[in-house]
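Fold and geometry: a report
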Amino acid sequence: MGRQKGEGARSKSRPSSSSLAASLLPSGSAAAAVGFGGFVGSSRLDPPSSSEDSLPFADVDSEIAVHLKRLGRKDPTTKLKALAALSMLLQQKSAKENVLVVPQWAFEYKRLLLDYNREVRRATHDTMTALVTSVGLELF
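What counts, and where the lines are drawn
Residues numbered from 1 in each chain as written. Predicted model: local features only at pLDDT ≥ 70, side-chain atom pairs only at ≥ 80, totals over all residues. Heavy atoms only, no water. Core = buried A, V, L, I, M, F, W, Y, C linked by side-chain atoms within 4.5 Å. Buried < 20%, exposed > 50% of the residue type's maximum accessible area, 1.4 Å probe, protein only. Helix = DSSP H or I, 4+ residues; strand = E, 2+ residues; numbered from the N terminus. Phe/Tyr/Trp six-rings, centres within 6.5 Å; stacked < 30°, edge-to-face > 60°. Salt bridge = Lys/Arg side-chain N within 4 Å of Asp/Glu carboxyl O.

So, the nonpolar core
Ile64, Leu68, Leu71, Leu83, Leu86 and Trp105 are the most contacted members of the largest nonpolar core, which totals 18 residues. Top contributing element to this core by residue count: helix H3 (residues 76-92), with five residues.

Re the packing of aromatic side chains
Evaluation of the coordinates by the stated rule reveals one aromatic pair. Between the aromatic rings of tryptophan 105 and tyrosine 109, the centroid separation amounts to 5.7 Å while the plane-to-plane angle is 40°, which identifies the pairing as tilted. Taken as a pair, tryptophan 105 and tyrosine 109 lie in helix H5 (residues 102-112) at a separation of four residues, close to a single helical turn. On the basis of relative accessible area, tyrosine 109 is assigned to the buried category, the value being 17%.

Points about the pattern of salt bridges
A complete count under the given rule lists five salt bridges for this structure. One salt bridge in this structure joins aspartate 61 and lysine 93, with 2.9 Å as the shortest N-O distance. Of the two residues, aspartate 61 is situated in the loop between strand S2 (43-44) and helix H2 (62-70) and lysine 93 in the loop between H3 and helix H4 (95-99); the sequence distance between them amounts to 32 residues. Across the pair lysine 79 and aspartate 115 runs a salt bridge, and its minimum N-O distance is 2.5 Å. Taken as a pair, lysine 79 in helix H3 and aspartate 115 in the loop between H5 and helix H6 (118-135) lie far apart in primary sequence, 36 residues in all. Here lysine 79 matches aspartate 115 in class, with each residue buried. Beyond isolated ion pairs, a larger network of salt bridges with shared partners links Glu119, Arg122 and Asp126.

This is the structure:
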């Protein structure tokens with residue numbers, strides 16, 4: 001009554017095969033391997049750049065870049081320290097310098113909002129407030 005019998009049922013002699021699933025995917029497209037929102041696994045998918053010197057933090061101040069990189073770590077204590085330091089730096093810098101941080105911060109912000117630690121989410125909103133207050137109308 002509960003189990004299928006016969007040829008349609010999977011048995012130990014016939015394991016599941018990923019080759020059938022792979023044959024159904026369109027071949028030669030890299031977009032099929034990319035997840036939702038430009039992610040592959042837990043890392044960001046960057047489009048291949050034509051020049052070697054275009055880094056994601058090329059225009060950003062080096063101190064801010066270090067703290068943005070620290071936000072990618074798994075440890076919530078590291079994230080909290082990086083967010084606190086980033087918030088202080090954003091308040092100290094000028095609006096024109098902080099505008100350059102916005103594209104990278106947008107990526108980190110989306111990730112940090114879904115963090116399991118409540119304090120990390122709270123500190124994320126505090127840092128966002130500091131950024132928006134600092135940048136103001138320079139975005140537009």
